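Coordinates in review
One letter stands for each residue in the lines below.
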Amino acid sequence: MSNIVIIGAGIAGISSALTIQKKFPKAKITIIADKFSPFITSDVAAGFWWPYLVNFPNPDLLNRICRDTFNYISSLVEKEDAGAMWQSGYEVNRELTEIPHWAPLVRGFRRLNEDELNRLGEGYKSGQFFTTLALEPTTYIAYATKEFLSKGGIIKQEKVENLVELTDSFDVVVNCSGLGARDLVGDKQISPIRGQIIRVRAPRVKHFFCDGDYYCLLNSNCVILGGTHDEGEWNMEVNQDTAKKILEENIKRTPELKGAEIISHHVGLRPFRSSLRLEKETIRNTNGRETTVIHNYGHGGSGITLFWGCALHVVELIGNGKAHL
Ligand SMILES: Cc1cc2nc3c(=O)[nH]c(=O)nc-3n(C[C@H](O)[C@H](O)[C@H](O)COP(=O)(O)OP(=O)(O)OC[C@H]3O[C@@H](n4cnc5c(N)ncnc54)[C@H](O)[C@@H]3O)c2cc1C
Ligand SMILES: O=C(O)C(=O)CO
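Numbering of residues begins from 1 in every chain and follows the order in which that chain's sequence is written. Each chain gets a letter, beginning with A, and each ligand a number, beginning with 1, in the order they are written. Totals for whole chains, interfaces and linings use every residue, but because this is a predicted model, local features are given only for residues with pLDDT of at least 70 and side-chain atom pairs only at 80 or more, for both listing and counting. Here the side-chain values reflect all heavy atoms present in the structure, with hydrogen atoms and water set aside.

**Focus on helix H8 (residues 303-318)**
Put simply, the rule is: At every residue, the bend is computed as the angle between two fitted axes, covering the seven residues ending there and the seven beginning there respectively. In DSSP terms, a helix is any run of H or I states spanning at least four residues, a strand is any run of E spanning at least two, and both are numbered starting from the N terminus. Think of it in three bands: residues with accessible area under 20% of the maximum for their type are buried, residues over 50% are exposed, and the middle band is partly exposed, with areas taken using a 1.4 Å probe on protein chains only.
At Gly309, H8 shows its maximal bend, which comes to roughly 30°. Of all 16 residues making up H8, 14 are buried, and the element is well covered by its neighbours. Just downstream of H8 lies Gly319, where phi reads positive at about 85°.

Okay, structure coming up:
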């Protein structure tokens, strides 16, 4: 039986494990990670489907990845325990922007007119109203992990010090280590973009709102207020002044937040890379053994927006050449 390992148990790792398990049902598939949900970056995410702080050089593949992920999340909405939901709202900008490439994917995309922009706040030059999805990562990761284990998947808690060491015992290694790739494979192109958020209870808020500086996004039983984006910042401590500013600025934009009950504060480090790394390499180790390594990391602020399309592409990269797996 062939042996496949996925490094990482975040949204990228667990989804890659599911698509691989579906494609190669006879393979032995193991997820190795040093940290698991609910203590990883993926858990901090609002789960909002919206390409943000991510680069990828192949626009056709990016569109396909966006479409595959959007369609997959929309298929999860009817499943009680998957954590998917629809939400409508406003995205506005202080500069003139083009219609985004993903506009045809979301529902009811409509550009806002000048009067609407003026009513939403000062200085907005363009914007749109649309209906998109949210997939709450912690809920989804639990849902997906249950499916992975039910089909014979194996999970191990361990920090991988050196990826090449795994090539002696695995036919395929899938690297979904997020920001950990900086050390795991010495990739200095990946660095953190620190984000701080607040989870609040605000039942009167019925629309999302984002304007490039701050955002108010819906989840099934809370509203998520953000969104700082500090490049190269590793500090994981909640900054109280930042929290106060996030709350104040969001109340200005969404007055229904007044009096909202604070549930919790969180900090996460977006795994930002000059370009999302979604590619294959073959490693021949010192014993002359060849192993296929697939890299799937560097999703920046869009890990939930891109995860399923990336996981499907991981299987394509492993390729039919491994049909015997
Ligand atoms: C504040 C904030 C809000 C966000 N909101 C959204 C949003 O609304 N929509 C969206 O699409 N994206 C959002 N994101 C981005 C999203 O969270 C990330 O892009 C995504 O979580 C990255 O997933 P990942 O699986 O690559 O990484 P992670 O979740 O960080 O998982 C990495 C895994 O690899 C493991 N690992 C790393 N190195 C090693 C090693 N050497 N050995 C063993 N295991 C290792 C870790 O333990 C972990 O299990 C947000 C991010 C932040 C910070
Ligand atoms: O803060 C982020 O990274 C987001 O994607 C919010 O949608």
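**Some points on the pattern of salt bridges**
Applied cut-off: Definition used for salt bridges: Asp or Glu carboxyl oxygen within 4 Å of a side-chain nitrogen of Lys or Arg.
Under the criterion given, the structure shown has 21 salt bridges. Arg94 is the partner of Asp211 in a salt bridge, and the nearest nitrogen-oxygen pair spans 3.7 Å. In this pair, Asp211 sits in the loop between strand E9 (208-210) and strand E10 (215-218) while Arg94 sits in the loop between strand E3 (84-93) and strand E4 (107-111), placing the two residues 117 residues apart along the sequence. For Asp211, a relative accessible area of 3% corresponds to the buried category. With its nearest N and O atoms 2.6 Å apart, the salt bridge here joins Arg253 to Asp211. Placement of the pair is Arg253 in helix H7 (residues 240-253) and Asp211 in the loop between E9 and E10, with a sequence separation of 42 residues. For the pair Arg253 and Asp211, a shared accessibility class is recorded, and that class is buried.

**Remarks on the UniProt feature "binding site: D-dopa" (unreviewed entry) in the protein**
To keep it simple, the criterion reads: UniProt positions are given in the numbering used here, feature names are shortened, and annotations may be inferred rather than shown by experiment. Contacts: residue pairs with any heavy atoms within 4.5 Å of one another.
Residues annotated by UniProt as "binding site: D-dopa" (unreviewed entry) correspond here to Tyr215, Arg270 and Gly301. Along the chain, the position of Tyr215 falls in strand E10. Structurally, Arg270 can be placed in strand E13 (residues 261-284). For Arg270, a relative accessible area of 10% puts it in the buried group. Other than its neighbours up to four places away in sequence, Arg270 contacts Tyr52, Leu53, Ser191, Pro192, Ile193, Arg194, Gly195, Tyr215, Thr228, His229, Gly300 and Gly301.

**Focus on the pairing of strand E2 (residues 28-33)**
Short version of the rule: Strand pairing follows a simple DSSP-based rule, namely that at least 2 bridges must link the two strands. Every crossover in which the path from the first strand over the helix to the second runs clockwise, viewed with the strands pointing away from the viewer, is termed right-handed.
Burial of E2 is extensive: 5 of the 6 residues sit out of reach of the surface. Two elements, strand E1 (residues 3-7) and E2, share 5 bridges in a ladder whose sense is parallel. Pairing of Ile6 across the sheet is with Ile31, part of E2. Each parallel crossover has a hand, and the one from E1 via helix H1 (residues 11-23) to E2 is right-handed.

**What about the site of ligand 1?**
To keep things clear, this is the line we draw: One heavy atom within 4 Å of a molecule or strand is enough for the residue carrying it to be called near that molecule or strand. Polar contact is the term for a pair of N or O atoms within 3.5 Å; when the atoms are in protein, one must be able to donate a hydrogen and the other to accept it, and sequence-neighboring residues count only if both atoms are side-chain atoms. Accessible surface is estimated by sampling points in the Shrake-Rupley manner with a 1.4 Å probe; for residues, cover comes only from the protein chains shown.
Neighbouring ligand 1 are 39 residues, the closest being Asp34, Lys35, Ser42, Val160 and Gly300. Between an oxygen atom of ligand 1 and a main-chain N or O atom of Gly47, the distance comes to 3.2 Å. Bound to the protein, ligand 1 loses 95% of the 1,000 Å² it would expose on its own. If you list the elements that add at least two residues to the shell around ligand 1, you get H1, helix H2 (41-44), strand E8 (190-201), E13 and H8.

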